Amino acid sequence: MTIRKTLWTTLALLAISLPAAAQFAKPDDAIKYRKSALFVMQQNFSRVAAMASGKAPFDPKVAAESAAVADYVSKLPWAAFTEGSDKGETKSKPEIWKEPAKFKEYSDKMQGEMAKLSAAAKSGNLDSIKTAVTATGGTCKTCHDAYRKE
Ligand code: ASC
């Protein structure tokens, strides 16, 4: 019974992780996919950031929805930094493929802060949102400084 359970869990995990690794027909598709995800994330994050900085009126419902989308979408780009997709229409630096552990550390950190931002936005507390926007934006910048060409 326990072995069966373990087997099913393993199969379920494989089913989740395999498509993420194998879903791109060509490197250009992977590049397009990660850029699209980062763009959708950035649009939603910026909407919340504008409210945090007072550039836009604070709308708690829109903030919570936007932060939740940014949080979810923040999980998507990373499966698309596939082998061979360092070449093409991309600002990704080759270091990403040379230092995968560090790149993962940065992307994990961003996802962690984005999750906290979503929680803060759900709470509706503008001060918590401001703190979380600053922390999240910092993780965007750290990774861009290291791994994005200008
Ligand atoms: C954004 C955006 C980024 C980050 C970064 C924060 O809205 O496009 O790359 O915030 O500028 O420092």
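Up top you'll find the structure we're talking about.
Below is a short write-up of the structure. (Residues numbered from 1 in each chain as written. Predicted model: local features only at pLDDT ≥ 70, side-chain atom pairs only at ≥ 80, totals over all residues. Heavy atoms only, no water.)

Some thoughts on the nonpolar core
This is how it is decided: In this text, buried Ala, Val, Leu, Ile, Met, Phe, Trp, Tyr and Cys residues form a nonpolar core when linked through side-chain atoms within 4.5 Å. Remark: exposure states derive from per-residue accessible area (1.4 Å probe, protein chains only) relative to the maximum for the residue type, with buried under 20%, exposed over 50%, and partly exposed in between. Only DSSP runs of H or I with at least four residues qualify as helices, and only runs of E with at least two residues qualify as strands; both kinds are numbered from the N terminus onward. When checking whether two residues touch, look at their non-hydrogen atoms; a contact exists if any pair is within 4.5 Å.
Membership of the largest hydrophobic core comes to 17 residues, with the highest contact counts inside it found for Met-41, Phe-45, Val-48, Met-114, Leu-117, Ile-129 and Val-133. Elements represented by at least two residues in this core include exactly α2 (27–52), α3 (60–73), α5 (100–123) and α6 (126–147). Considering every element that reaches this core, the biggest residue donor is α2, with 6 residues. Ignoring anything within four residues of it in the chain, the contact list for Val-48 reads Ala-63, Ser-66, Ala-67, Leu-117, Ile-129 and Val-133.

Some thoughts on the side chain of Asp-71
The topology assignment puts Asp-71 in helix α3. Given the relative accessible area of 15%, Asp-71 is considered buried. When near neighbours in sequence (up to four residues on either side) are disregarded, Asp-71 contacts Gln-111, Met-114, Ala-115 and Ser-118.

Some words on the environment of Phe-103
Position of Phe-103 among the secondary structure elements: in helix α5. Placed 43 residues apart in sequence, Phe-103 and Ala-146 show a C-alpha to C-alpha distance of 8.9 Å. In contact with Phe-103, not counting residues within four places along its chain, are Trp-78, Phe-81, Ile-96, Cys-143 and Tyr-147.

Thoughts on the site of the ligand
In plain terms, the rule: Nearness is defined per residue: one heavy atom within 4 Å of the molecule or strand is enough. Two N or O atoms count as a polar contact when they lie within 3.5 Å, although within protein this holds only if one can serve as hydrogen donor and the other as acceptor, and sequence-adjacent residues are included solely when both atoms are side-chain atoms. The accessible surface values rely on the Shrake-Rupley method and a 1.4 Å probe; as for residues, cover is taken only from the protein chains in view. Here the term charged refers only to Asp, Glu, Lys and Arg, the term nonpolar to Ala, Val, Leu, Ile, Met, Phe, Trp, Tyr, Cys and Pro, and the term polar to all other amino acids, Gly among them.
Gln-42, Phe-45, Ser-46, Gly-137, Cys-140, Lys-141 and His-144 make up every residue found near the ligand. For the ligand, an oxygen atom lies 3.2 Å from a polar atom in the backbone of Gly-137. His-144 places a side-chain nitrogen or oxygen 3.4 Å from an oxygen atom of the ligand. If the ligand stood free it would expose 310 Å²; the protein chains cover 61% of that surface. Counting only elements with at least two residues in the shell around the ligand, the list comes to α2 and α6. With 4 residues, the top contributor of residues to the shell around the ligand is α6. The residue makeup of the shell around the ligand, split by class, is 2 nonpolar, 4 polar and 1 charged.

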